[in-house]
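Fold and contact review
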Amino acid sequence: MDETSPNLSLPYLQASQAQKHVTHNAALEALDLIVQLVLQSFSQTTPPLAPDEGQVWAVGNGAVNDWVGHDGELAAWSNGGWLFITPRPGWRGAMGSDLRVWSGTAWIATDLPPLQNLPGLGINTSYDATNRLSVRAASTLLDNAGAGHRLVVNKDSGSDTAALLFQTGYSGRAEMGTTGSDDFAVKVSADGSGWTTALEIDAATGNTAMGALSLGAPLAPGSGGTGVANPAGATLTRNGAHALNLTTIAPSALTLPTTGTLATQAGAETLSNKTLAAPAITGLASGSAITQSATDATAGRLLKVGDTRLSPGDGSPENTDLDTIEGLGFWTIGASAANSPGFIGGAGALISFQRSNTRKAQIASNGGLGNRWGVRTQDDSGTWHPWAQLVHSRNLVGPVGQSAGIPTGAVLERGANANGSYVRLADGTQICWHAIDDTATAWGTAESGLFRRASPATWTYAALFSIPPCVTATAHIGNDWIAGCRPRGVPATNAVLLMPWSSSAPGTSTAKTIFACAIGRWF
């Protein structure tokens, strides 16, 4: 007879076994842990510091400390120590509402039943043959999957209905959609049986027909109301002193009362079968519907000519943090504004552009001082890219600079001093050159059939290099071209030793010139 059971590996009581209660209690202990198995984790690798009696963990791969060597087993804290149990494929364990099955190598989620071609679905309620999908809840969310979201209501033919129906106590009160035709309509009902079409849009032309439109409380024509016959019987009512503007596209589309008064741009007109001409609007616009000043940013107001905030002199608002600017507009940059381009050197002006909340661009200038301009953009994540200085004819040549390898000044810098001339490029390249008059020094030291200086000439570069440059040199003696020069030793970053030579032995009265050129990097 086997010593353990085939499924749960529980110990059997053996014949003539002493202390049978020990084996029996061990089996009960195992049953208490693995029946209705509740786990604290499905893949724990580190034993907890203070486990509670009876808690069980599924040991993950790479277990440490007291769990070393027990990957894939169940670790249970029982009687003050760890009890390890090997699960068998098919065992189920739950952690809260998460139910999983041991596959033999991992705890995996249980398979869901097939959800295709269901006869119906009821969420918190029951479905029926008509309402195949039924939801009973305070609200229903149909969310997007990263972009837009479209709710499609499809019908078989134009004479069918595709609509949204709004009910009170399961009795219809409003419906919108294509009901009985392809024209879009909005209908209302007071009792669910009698329906009135409040709005109808022709599918072919887009023309809109309204049943009745009231502006404020209804006002009868005899009390100053104005009626519009489109369609027949419909009424447009003006209440009190509210303005009413009417535009027509056909001579018979607008009906006005034949008595009373009509307010026009030029004053009140008495109605007596008159023909009205289109009024001409003259004069300047005024009132609270337009901007009141160059800095007026009130939402909904029309921008008046002159209120364009084109320069700080026009009163553009000053900004202290360029990251907080929203929308299209002109701004003054404060001298200590945050996130301002450092190369503009203080206060300036800015134009902002905005496509969306996270797609913006800004152009900044220091107001003409040094003609410094910069631009930066914001990407889809809302991150601003660093300011880039714009290059133009006024700053192409000037002092170059750099910060962390990024150019911060002009494209090209040129200078000269007693040590010669130099050119610095924004990419770090530097070229120095010089013509050294060596007439006062004799080249009379013989060496290998030639004559050289007794000691090298020192050329200090016109500008300092960051690393030793590449130096080339030559020499010229009057009309004698049989001469030359070479660097003596390794060039330094600030100077180089030059040794000229010739085929003759020119003295101090002979004109002699050393030409030298150094190419390297200034950063």
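A few points on the structure. Since the model is a prediction, treat every value here as computed from it, not as a measurement.

**Notes on the packing of aromatic side chains**
We describe a pair of aromatic rings using the distance from one ring centre to the other and the angle between the two ring planes. Summed over all chains, the structure comprises nine aromatic pairs. With centroids separated by 5.2 Å and ring planes inclined at 90 degrees, the aromatic side chains of W459 and Y461 adopt a geometry described as edge-to-face. The exposure classification of W459 matches that of Y461, with both residues buried. With centroids separated by 4.7 Å and ring planes inclined at 70 degrees, the aromatic side chains of W522 and F523 adopt a geometry described as edge-to-face.

**Digging into the sheet that holds strand β6 (residues 107-109)**
The strands that make up a sheet are held in pairs by hydrogen bonds between backbone atoms, and each pair lies either parallel or antiparallel. Across the sheet, which stays open at both edges, the three strands sit in the order β4-β5-β6 with antiparallel pairing between neighbours. Of all the strands in the sheet, just β4 (92-95) and β6 have a single pairing partner and so form its edges. Recorded for the sheet is a direction-independent mean angle of 40 degrees between the axes of neighbouring strands. Taken together, the four bridges between β4 and strand β5 (residues 98-102) define a ladder with antiparallel strand orientation. Within β5, the residue paired with R92 across the bridge is V101.

**Remarks on unusual backbone geometry**
Although it is not a glycine, Q36 adopts a positive phi angle of roughly 55 degrees. Residue position: Q36 is located in the loop between α1 (20-34) and β1 (56-58). For Q36, a relative accessible area of 73% puts it in the exposed group. Unusually for a residue other than glycine, N124 sits at a positive phi of about 65 degrees. Position of N124 among the secondary structure elements: in the loop between β7 (121-123) and β8 (133-135).

The rules behind each value
- Residues numbered from 1 in each chain as written.
- Predicted model: local features only at pLDDT ≥ 70, side-chain atom pairs only at ≥ 80, totals over all residues.
- Heavy atoms only, no water.
- Phe/Tyr/Trp six-rings, centres within 6.5 Å; stacked < 30°, edge-to-face > 60°.
- Buried < 20%, exposed > 50% of the residue type's maximum accessible area, 1.4 Å probe, protein only.
- Pairing = 2+ DSSP bridges.
- Helix = DSSP H or I, 4+ residues; strand = E, 2+ residues; numbered from the N terminus.
- Axes fitted to C-alpha atoms, helices over the stretch in contact; angles between N-to-C directions.

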